[in-house]
Every structure is written in structure tokens, then in C-alpha cells.
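Descriptive analysis of the structure
What follows is each chain in one-letter form.
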Amino acid sequence: MTAEPQTGRKPREARRAETRAALLAAARQAFGDKGYADASMDDFTASAGLTRGALYHHFGDKKGLLMAVILEIDAEMADRLKAIAAAAPDPWQGFLEENLGYIQMALEPEIQRIVLRDGPAVLGDPSQWPNTDGCIAAIRASIEGLKAGGLIRAVDAEAAARLICGASTYAAQWIANAEDPAAVSRQALPAFRALLEGLLPRA
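Throughout what follows, the structure given in this document is the object of discussion. In this text the structure is predicted, and so the values were computed from the model without any measurement.

1. Here we look at the overall build of the protein chain
On a plain count of helices and strands, the protein chain comes out with nine helices and zero strands. For the protein chain, the C-alpha atoms occupy an extent of roughly 70 × 55 × 25 Å along the three principal directions. Burial status across the protein chain gives 39% buried among its 203 residues. Counting only contacts in the protein chain whose residues sit at least 6 apart along the sequence, the fraction spanning at least 24 positions is 67%. Side-chain charges in the protein chain split into 22 positive and 26 negative, and the spacing between the mean points of these groups amounts to 3 Å.

This is the structure in C-alpha cells:
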């Protein structure tokens, strides 16, 4: 069998993926360092060695690029939270620590600025973002598993998931926008824990 000739060029899809990743990395750095308002498209296209045309092609506009950066960060957060849950000694503790962990991440500067401050200010209500349905579905699945194991009370899983997602999102935004995020975190975490513990069976 004759080997195909080597052209020295990467396949189109590989080049597209590299361009997209370069723009995401440059934008993430700029949004994290300067904030959305002060980060210019020329700054991060130049940093990535690309043109505005490439940005428009892959993300539509600056808002589209912000959404893509948020989704990338959110996916990383989800992986970290899954690892926290998996390391817990039992399913209930895993559920508790995973949800508390999300609120604790509001103290991290990149998450604070990009996801919790600039994201809602620029893109609107996080409940309408494309990643929210996945978050609710994951919480709902956890609640259904805990119910099946008799570890929590018989609550409507969909309603409980939406309420928990909304409460944790609001708590994280409260922390991120506070003058003293650490102090507000110390207020929010015990209260949120108490809310979740309301799911436990009554004595």
C-alpha cells in the first residue's frame, strides 16, 4: 500500500480548532486581567496572532466570545465539582460538598470577574444561559439518586433542582459582587448548607 503524500498542512478542522483555542485563551486572559469593558478585540486578536475576521467567524462578536469563555470555565468548574463529589465518603456528603463547592469558587478571582460579575452584566440572567439546563439536570439526577437510596425526603426532584441551582447562583453572585467577598462567603455557606440539610429525612 502506498502512503499518502505529506503536504505539510494540517487538516482544516485541526486549524479551525487551533484558531478557536488561541482566541479563547487570549480572550480569557484579557477578560480576567482587564474585565470585559476594558478588553478590546484588537488586544486579544493581536495576542493570538489572528485577525478580527477570525474572531467574527468563530464567535460572532465580543459577546459571543465572552459566552464561549464562560462555558469553558464552567466546564472546568463542573469537572472539579464532580471530583469533589466523587471523593466524598457517601452520596449525601458528595452532594452537599459539590453544591457548597460551587459557592466557594466565587472567591476565585477569574470566576468572580468573568463568570459572576461581567457575565450577568453583559449577557443577562444566568438562568437563560445555555449551560443552565445541564446544571439543573445534573442536580436533578443527584436528587433522584438520593431519593432512590432513601437518603433524602420525597421531594419533587425538578423543583428542588431548580431551587438549589437558583440559590447557589445567587449566593455566588452575592459573594462575587460584595465589598468583602470572604466575609459574605462566611455568611452564605452555613445558610446554604442549612437549606440543603432541609432535604434530609425528619427525625
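Further notes follow.
2. Structural notes on helix 6 (residues 109–123)
At arginine 117, helix 6 shows its strongest bend, of approximately 25 degrees, with the proline proline 120 following within four residues. Along helix 6, the residues that are buried comprise Ile111, Gln112, Ile114, Val115, Leu116, Asp118, Gly119, Pro120 and Val122. Elements that come into contact with the buried residues of helix 6 comprise helix 1 (12–34), helix 4 (62–87), helix 5 (91–104), helix 8 (157–176) and helix 9 (181–197). Just beyond helix 6, the residue with positive phi is glycine 124, at close to 90 degrees.

3. Some words on the pattern of salt bridges
Counted according to the given criterion, the structure contains seven salt bridges. Residue glutamate 72 is joined to arginine 28 by a salt bridge in which the shortest nitrogen-to-oxygen separation is 3.0 Å. In this pair, glutamate 72 is assigned in helix 4 and arginine 28 in helix 1, connecting sequence segments 44 residues apart. On the basis of relative accessible area, glutamate 72 is assigned to the partly exposed category, the value being 27%.

Cut-offs used in this document
Residues numbered from 1 in each chain as written. Predicted model: local features only at pLDDT ≥ 70, side-chain atom pairs only at ≥ 80, totals over all residues. Heavy atoms only, no water. Helix = DSSP H or I, 4+ residues; strand = E, 2+ residues; numbered from the N terminus. Buried < 20%, exposed > 50% of the residue type's maximum accessible area, 1.4 Å probe, protein only. Contact = heavy atoms within 4.5 Å. Lys, Arg positive; Asp, Glu negative; His and termini not counted. Charge placed at Lys NZ, Arg CZ, Asp CG, Glu CD. Bend = angle between axes of the 7 residues up to and from the residue. Salt bridge = Lys/Arg side-chain N within 4 Å of Asp/Glu carboxyl O.

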